[in-house]
Amino acid sequence: MNITKIFKVSGSVKCASDKRVHVSLFNNINIQTRCKSKLARPKAIEMNKYKKTEEDIRFSGYCLLAIPIGTFLLGTWQVKRLKWKLNLIESLKERTSTEPIDLPSDLNELKDKEYYRMKVRGKFLYEKEFLIGPRSLILDGEAASEKGGIFSRKAGSGYYVITPFKLEDRDLTVMVNRGWIPRSERSKFKMENKITDSIEIVGIIRTTEKRPSFVPDNSPAKGVWHYRDLDAMAKVAEAEPVYIELLAEYSTPQGPIAGQTKVTLRNEHLSYIITWYSLSVCTSYMWYRQFIQKLPLL
């Protein structure tokens, strides 16, 4: 072989920059070495990038995954709350619409009869009546302020008139919420026309209530009552701890507005369900885009 041809042989090498460089046979070895080193660098960079993504999922990524999981659990909990509230509303409607029951001989049975209708016959003892309040006016089972219209503008706050009721057929006295009066009539609520004859009344059974938050304690000695404490009220009224709220048809002219039993319950659980599940879907998609889509294909 002619040695001159060997030295004249030229080759071409394609590097990472996609440029072809013509070199001699002896220089071709060095050029190929440099090109290999250039081609190896991007692979090293990609491996480091993938390794960093895996570390992100392993630490902060799984912590952020708690957001969609947590919101999903909250939405599921609200589904259970919705079923509970619907059952409660249905039970409330059923109790308030049944036929009135008689006062049982064992008064302890009334603890499980809240919101049932009960009928009694006797006379009001007006000299021992007192007020509870301030309270909002209830119309058709809900607060007048929520209904709007003329009642919401003039109702404001007022008081419930609680009057002992002496039964005719037994030596027993119960307490009756005769209705609501505005604050302006607080000092003259005993001046309206009173029913002195023996009558039969129907009311909704209510049990004692706990002191609401941010509400002062009752002051029986001063005649100040903020919430329904049946045991303490019974001592002042010299009655049994039995309490009913008159139905709306027992309102008296120029007197208390009866029917002060709130039978509507707020039910916003469906909106909570939509909110929590929507947050779960959105945050799940964001987590998928941030961590799963950036993983290398195997």
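Structure: see above.
Report follows, based on the coordinates.

Rules behind the numbers
- Residues numbered from 1 in each chain as written.
- Predicted model: local features only at pLDDT ≥ 70, side-chain atom pairs only at ≥ 80, totals over all residues.
- Heavy atoms only, no water.
- 1 Å grid on protein atoms, 1.4 Å probe; cavity = no way out; pocket = protein on both sides within 12 Å on 5 of 7 lines; lining within 4 Å.
- Points joined across faces, edges and corners; volume = space filled by probe spheres on them.
- Helix = DSSP H or I, 4+ residues; strand = E, 2+ residues; numbered from the N terminus.
- Nonpolar A, V, L, I, M, F, W, Y, C, P; charged D, E, K, R; others polar.
- Salt bridge = Lys/Arg side-chain N within 4 Å of Asp/Glu carboxyl O.
- Buried < 20%, exposed > 50% of the residue type's maximum accessible area, 1.4 Å probe, protein only.

Before going further, it helps to spend a moment on the layout of surface pockets. To find leftover empty space, a probe the size of one water molecule is rolled over the atoms. Roughly 590 Å³ of internal volume is contained in the largest pocket. Contributing to the lining of the largest pocket are 22 residues, with Tyr115, Arg135, Arg206, Glu209 and Lys262 lying nearest its centre. When residues of the lining of the largest pocket are traced back to their parent elements, those giving at least two are α3 (66-97) and β5 (130-136). Along the lines of polarity and charge, the residues of the lining of the largest pocket split into 9 nonpolar, 5 polar and 8 charged.

All told, the structure shown has 10 salt bridges when counted by the stated rule. Close ionic contact of Glu238 with Lys128 constitutes a salt bridge, the shortest N to O distance being 2.5 Å. One end of the pair, Glu238, is in the loop between α6 (230-237) and β11 (243-246); the other, Lys128, is in the loop between β4 (117-124) and β5, with 110 residues separating them in the sequence. Two residues, Glu245 and Arg206, come together in a salt bridge whose shortest N-O distance is 3.4 Å. Highlighted residues: Glu245 in strand β11 and Arg206 in strand β10 (residues 199-206), separated in sequence by 39 residues. Among the residues examined, Glu245 registers a relative accessible area of 2% and is labelled buried. Several salt bridges converge on common partners, so that one network encompasses Glu114, Arg206 and Glu245.

On their own, these measurements won't tell you what the molecule is for.
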